[in-house]
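Each chain, written out:
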Amino acid sequence: MEDLQKSDRDFKTAKLLYANVQAEYLSWKAKDIAETWSRVFPESTTNIVALERFRLPANTYDPAPNPPIKPGESEDKCLFSWTYDEDGNIGPGERIPLVVVKPTEFATFPPHPPYQFVTPASRNMNARMIDIKTAPFIPFPADPEFPREQYLSSFEDVQWRSDQRDADEEVIQYETVRRLHVEHGLSAEDLNIVIQNLAATTFFRELRLSNASGLLWDVSQRDLPDVIWGDGVPSSRKTPLPPHFAQAFPTPNDVFAHVNKGRTTFCFNLSCLHHYCHVHVSPEWDMHTPAVSPKDPHLTSEQFFEQSGDPCGEDCFLLINPDDMEDDADDICFLVIWPSSASSDADRYSSIGDSSSMTETFCHLKITIPLVLVKRNAEKTRRRRKRRTRISPFDLIVTPCDHPGPCTSRVNCECFRAKSFCEQNCRCSPTCERRWMGCNATCSKPNWRGRYTHCQSGSKCACRVMNRECEVDLCTSCDARDEHVHYPEAGGPGPAAPCQNMDLQRGEFKCFEIRRSQYGLGAFASENIRAGDVIGEYIGELVGEHDANINAAEILHKHAKLNYEYGIGFSICDAQWLGNPTRFLNDAMPGVPNCQTDGEHTVNGEKRLLIYATKNIKKGGELTLAYGEAYWEAHNAPVTWKKTTGH
Ligand SMILES: C[S@@+](CC[C@H](N)C(=O)[O-])C[C@H]1O[C@@H](n2cnc3c(N)ncnc32)[C@H](O)[C@@H]1O
């Protein structure tokens, strides 16, 4: 009974607070817009501006009636905010003067040359990750020639008609929750109940809907404006909600909930350390849950603890007694990690994940990485390497193999069939005959100053020979981790230069700029470039032959007469919507190209489109590729571009 009364009281407080926070926010926002506007147009003869008439969110209270309009005042030009008293009655309103913006004031912005917007990205993205059913907007809105009906018919829905997040509402709702917790003392559990009730009758979003959705999660993913609230104090000076509220609400101290949440955010590809990786999404899995089923453990928890060496600090998982672990966590088969030390891997994961303690990280690893640690036998490794060179380097694949038994013709091993190496993320034994083991010390040599360099172009580096970049976990002898290994025995003057075969991973590219060229925009060297220098990576959406929004992309390509597709193997890398400045490299036709792509360049088991210079290019020279006849046959025929000046 008491509980019921309390939740009723809390609900009433929450409703009232929500309404007042809304009013405070709207009042601040109108003033903020006005202030920003007067900064942009200081000489404006008009007094003050507010361009926006807010959509008032529905709440349990009726919207306030507008205060009476004074003679000569137009309703369109006024915005009002108001407050509620404790009984929900509307208090006195505040009038905020609005000003009409004169269209001529915009003339101070010169129009930018035509440019197709692209989402900047530093990695390819699997097209399956993108919502292909909803059209985000209508492209070329002012162009009557654009076939908008045909374009929209490629989608099931349009974004502006479907459910959308309202950025203003998010700030208002977060502030309401913050005040309920910080000022009214509602606990996480109380808040959860109250907000669920509020969500049933208003636009209030639930605090937590899934691993990665709900109000608190969404707010934790963005910057909030520094609102000056009704008491004159800005958000930045107010006590925030505890950070863990955004992570495992409503049970902040539940390690298992943390682990469960984190489990789905790590990429199943063990060579990839990306959180929410958008490259290796498996078609069979909705999210990033490991794409393989756990294998039978070869080690018990106790054996693992015995082998793991000394604890790395007082939070180290090695100090936990396995018997004290939660029952349900114990059921999960025991782990193993890489051939390096267990604690350093846990450390690595804790630094990239959102679990803060090593203990949680350990639990996390225990569930996500059901591999088995096998110590490498140096002798065997050497023998294996010799044999492995017979495998063709041209059929490397990304999909990890996952089958019982060794990778031979008898099992359905994808690597065997593709005549490729097994990569780090393959689920076969670490001693598998097909595994790529990286390069070795033979690719290190002193330069003329006696300084050691590793894996330079032209060296005998096994990775270079196989058209692969060195891997930090495998190529330890060439300093791929850039740990400045010393070679005192060689009498060198100091630390060796780190591995020279890591261009894509380290982002060591030449500089170029985008400006007008003969064919629309083009890429021009902003420094002298030598033949062999890496220009960058061609990045885009990885689209399969049968992916759905190919039709919409085609309409856009045709209309704009610009096509950003690049074929790699059986898929297409399309930089129409997502990419980096390498999308502006034009075809050299009818001239001779000075750059080339390498679609067989393998980085951590993944093929990536490397672009490198084939000739010396002077600063200011245009970077060009050879698109090939097939490109022009498949896409629009070359159009005659007018040479235009200006950048
Ligand atoms: C990858 S984009 C290159 C960047 C493009 N110029 C831009 O402004 O965004 C490829 C498109 O550029 C144009 N293009 C590139 N090289 C060309 C050439 N040699 N002749 C005619 N058009 C070319 C074509 O429209 C082609 O579809």
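Residues numbered from 1 in each chain as written. Predicted model: local features only at pLDDT ≥ 70, side-chain atom pairs only at ≥ 80, totals over all residues. Heavy atoms only, no water.

With the rule as written, the count across this model stands at 15 salt bridges. Put simply, aspartate 10 and lysine 6 hold a salt bridge, and the shortest N to O gap is 2.9 Å. Of the two residues, aspartate 10 and lysine 6 both sit in helix H1 (residues 2-40), four residues apart, roughly one turn of that helix. According to the relative accessible area criterion, lysine 6 is partly exposed, its value standing at 31%. (Salt bridge = Lys/Arg side-chain N within 4 Å of Asp/Glu carboxyl O. Helix = DSSP H or I, 4+ residues; strand = E, 2+ residues; numbered from the N terminus. Buried < 20%, exposed > 50% of the residue type's maximum accessible area, 1.4 Å probe, protein only.)

Attention now moves to the site of the ligand. Tyr519, Lys561, Asn563, Tyr564 and Asn586 are the nearest of the 19 residues found near the ligand. Between methionine 589 and the ligand, the recorded distance is 3.2 Å, taken from a backbone N or O atom to a nitrogen atom. Looking at the shell around the ligand residue by residue, the classes come out as 13 nonpolar, three polar and three charged. (Near = heavy atom within 4 Å. Polar contact = N/O pair within 3.5 Å; in protein donor to acceptor, adjacent residues only side chain to side chain. Nonpolar A, V, L, I, M, F, W, Y, C, P; charged D, E, K, R; others polar.)

Bridging between strand E9 (residues 512-517) and strand E10 (residues 520-525) involves six bridges; their strand directions are antiparallel. When the sheet's bridge partners are listed, serine 517 is paired in E10 with glycine 520. If you look at the hairpin formed by E9 and E10, you'll find two residues sitting between the two strands. (Pairing = 2+ DSSP bridges.)

Sheet architecture is open: three strands sit in the order E11-E18-E17, paired in antiparallel fashion. In this open sheet, the two edge strands, each paired with only one partner strand, are strand E11 (534-537) and strand E17 (595-603). Geometrically, the sheet is characterised by an average inter-axis angle of 30 degrees between neighbouring strands, direction not taken into account. (Axes fitted to C-alpha atoms, helices over the stretch in contact; angles between N-to-C directions.)

On to the side chain of glutamine 173, then. Looking at where glutamine 173 falls in the secondary structure, it is placed in helix H3 (residues 167-182). Within the local environment of glutamine 173, its side chain forms a polar contact with the side chain of glutamate 169, the two groups lying 2.6 Å apart. Discounting chain neighbours no more than four positions away, the residues touching glutamine 173 are Tyr18, Phe203, Phe204, Arg205 and Leu215. (Contact = heavy atoms within 4.5 Å.)

Next up on the list: the pairing of strand E18 (residues 606-613). Of all eight residues making up E18, six are buried, and the element is well covered by its neighbours. In sequence, E17 turns back onto E18 through a hairpin of two residues, with asparagine 604 there showing a positive phi of about 50 degrees.

The next subject is the confidence of the model for the protein. Summarising the model, the protein shows a mean pLDDT of 70, and 57% of its residues fall at 70 or more. Long-range and interchain partners of residues 326-397, a stretch whose pLDDT sits below 50, account for 163 contacts in this model, where long-range means more than four residues apart. Under the prediction, the complex receives an ipTM of 0.99, its pTM being 0.60. (pLDDT = per-residue confidence, 0-100.)

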